[in-house]
Amino acid sequence: MGTPGLAERVRRLGGHEVRWLVSLGWWVARRRIGVAAGDRAFGYASAQAALVYGLTFVCVVETVGLAVLLRDHPVAHGVMLVVDVYALLMMLGMQAAAVTRPHVLGSGVLWLRDAARMEIRIPLERIVSVRYDLRSAPAGSGSRSEVAGQASEAAGEAGVKRGSDVLAFAVGGQTSVTVELREPVVAVRLSGRRPAVRTVRFHADDARGMVAAVRTAVAAPDEGRPRADRT
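Worth saying up front: this structure is predicted, and the values here are computed from it rather than measured.

S.K.: Is there a simple way to think about empty space enclosed by the protein in this case?
M.R.: The probe, sized like a water molecule, is rolled over the atoms to show the empty space still left. The tally for this structure, following the rule as stated, stands at one cavity of 30 Å³ or more. Here the largest cavity defines a volume of roughly 40 Å³. What lines the largest cavity is Thr63, Leu66, Ala67, His77, Met80, Leu81 and Asp84. At the level of elements, helix H2 (46-69) and helix H3 (74-100) are the ones that each hand at least two residues to the lining of the largest cavity.

This is how it looks when you write it as structure tokens:
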């Protein structure tokens, strides 16, 4: 699990761009990606909606203002128009990806997603506990995926082997559910790095409802198996 090469990072960043652009179409169609019949979907986009729409409004105002200021400079006006329209689409695409790519509780797996940026699939049999756990995200993390633990990302292979990392999908500066695992799972970051994690923190709009649903799903397949902690 070495450091990904430049080509791999470029490919993954390009894939991210494609995913949020595609999400705009799914958002308009009011459809969700990756939610099969019988699966339960749990949204998380509401916590960031006000911020995203506020930034979108700022982008619109900036676009109009620059169009007026640069009306006598067609080349500069054209360049800035392209940049502003792209920024506007990116803002909307971020929200569209979060809406159309919810967390999914399926058959035997908990699929957690961070819009178009990152996702992790957790087999239900690896879940030791799941609990409502409202936390503020570390300063500067925003709605991005952060991995922290006893080993830093620079430590590379050693941190992955220990499986000591905590993965946090913060939305609106907070997480509200914590899942503890008996065995680590590998998360693929947008950069291509693949840390192994034993604790995953994420946000859900209906956090308590999702906790109850995951606990039920963990307990259901095998009543003799250790169940998720009910604390």
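S.K.: Can you help me understand the nonpolar core in this one?
M.R.: Within soluble globular proteins, side chains that are nonpolar generally end up buried alongside one another. Ranked by internal contacts, the top residues of the largest apolar core, which has 28 residues, are Leu110, Leu112, Ile120, Ile122 and Ile127. Those residues in contact with Ile127 that sit more than four places away from it in its chain are Leu110, Ile122, Val179, Glu180, Leu181, Arg182, Val214 and Val218. Counting 10 residues, the second-largest nonpolar core is a separate cluster that includes Ala45, Ala98, Ala116 and Val171.

S.K.: Help me understand helix H1 (residues 6-28), please; the structure alone is not making it clear to me.
M.R.: At 3.6 residues per turn, the α-helix brings residues three or four places apart onto the same side. Between its terminal C-alpha atoms H1 stretches 34 Å, which fits the 33 Å expected from 23 residues at 1.5 Å a residue. Every buried residue of H1 is listed here: Arg12, His16, Trp20, Ser23 and Leu24. In this fold, the buried residues of H1 make contact with H3.

S.K.: Would you mind going over the pattern of salt bridges with me for this structure?
M.R.: When the charged atoms of two side chains lie near each other, side chains of opposite charge can form a pair. Evaluated as defined, the whole model comprises five salt bridges. The partner of Glu180 in a salt bridge is Arg131, with the nearest N and O atoms 3.6 Å apart. On the criterion of sequence distance, the pair formed by Glu180 in strand S8 (residues 174-186) and Arg131 in strand S5 (residues 127-136) is long-range, its members being 49 residues apart. Among the charged side chains, a network of salt bridges with common partners joins Arg131, Asp133, Arg135 and Glu180.

S.K.: Sorry if this is basic, but what is going on with the pairing of strand S3 (residues 109-114) here?
M.R.: As a general feature of sheets, a regular strand has side chains that alternate between the two faces. Most of S3 sits inside the fold, with five of its six residues counted as buried. Both strand S2 (residues 103-105) and S3 contribute to a ladder of two bridges, which runs antiparallel. Each residue of the ladder has a partner; that of Leu105, found in S3, is Leu110. Two successive antiparallel strands, S2 and S3, enclose a turn made up of three residues, where Gly108 displays a positive phi of approximately 80°. Pairing of S3 with strand S4 (residues 118-123), which is carried by six bridges, proceeds in the antiparallel orientation. Opposite Asp114, over in S4, you have Met118 as the bridge partner. Between S3 and the antiparallel strand that follows it, S4, lie three residues; Ala115 among them carries a positive phi value of about 55°.

S.K.: Would you mind showing me how to read H3 here?
M.R.: Its 27 residues place the ends of H3 38 Å apart at the C-alpha level, agreeing with the 39 Å of an ideal helix rising 1.5 Å per residue. Along H3, the positions that sit buried rather than exposed are Asp84, Met91, Gly93, Gln95, Ala96, Ala97, Ala98 and Thr100. Taken together, the buried residues of H3 touch H1, H2 and S3.

S.K.: Would you explain a nonpolar patch on the surface in this entry?
M.R.: On the surface, Phe57, Val58 and Val61 cluster together to form a nonpolar patch covering roughly 310 Å² of accessible area. Within the fold, Val58 resides in helix H2. For Val58, a relative accessible area of 49% gives the class partly exposed.

S.K.: Hey, could you run me through the packing of aromatic side chains in this one?
M.R.: Enumeration over the complete set of coordinates arrives at one aromatic pair. Seen in terms of ring centroids, Trp20 and Tyr86 are 5.8 Å apart; in terms of plane orientation they differ by 65°. Their pairing is edge-to-face. Of this pair, Trp20 sits in helix H1 while Tyr86 sits in helix H3, and the two are 66 residues apart along the sequence. We note Arg208 situated over the ring of Tyr132; from NZ or CZ to the ring centre the distance is 3.9 Å.

S.K.: Could you clarify how one ought to interpret the environment of Ser129 in this entry?
M.R.: Along the chain, the position of Ser129 falls in strand S5. Separated by 70 residues in sequence, Ser129 and Thr199 have C-alpha atoms that sit 9.7 Å apart.

Here is what the cut-offs are and how they apply
Residues numbered from 1 in each chain as written. Predicted model: local features only at pLDDT ≥ 70, side-chain atom pairs only at ≥ 80, totals over all residues. Heavy atoms only, no water. 1 Å grid on protein atoms, 1.4 Å probe; cavity = no way out; pocket = protein on both sides within 12 Å on 5 of 7 lines; lining within 4 Å. Points joined across faces, edges and corners; volume = space filled by probe spheres on them. Helix = DSSP H or I, 4+ residues; strand = E, 2+ residues; numbered from the N terminus. Core = buried A, V, L, I, M, F, W, Y, C linked by side-chain atoms within 4.5 Å. Buried < 20%, exposed > 50% of the residue type's maximum accessible area, 1.4 Å probe, protein only. Contact = heavy atoms within 4.5 Å. Expected span 1.5 Å × (residues − 1). Salt bridge = Lys/Arg side-chain N within 4 Å of Asp/Glu carboxyl O. Pairing = 2+ DSSP bridges. Patch = residues over 30% accessible without salt bridge, like charges linked within 9 Å, V, L, I, M, F, W, Y side chains within 5 Å. Areas by Shrake-Rupley, 256 points an atom, 1.4 Å probe, with all protein chains shown as cover. Phe/Tyr/Trp six-rings, centres within 6.5 Å; stacked < 30°, edge-to-face > 60°. Lys NZ or Arg CZ within 6 Å of the ring centre and 35° of its normal.

That's the geometry; what it means functionally is another story.
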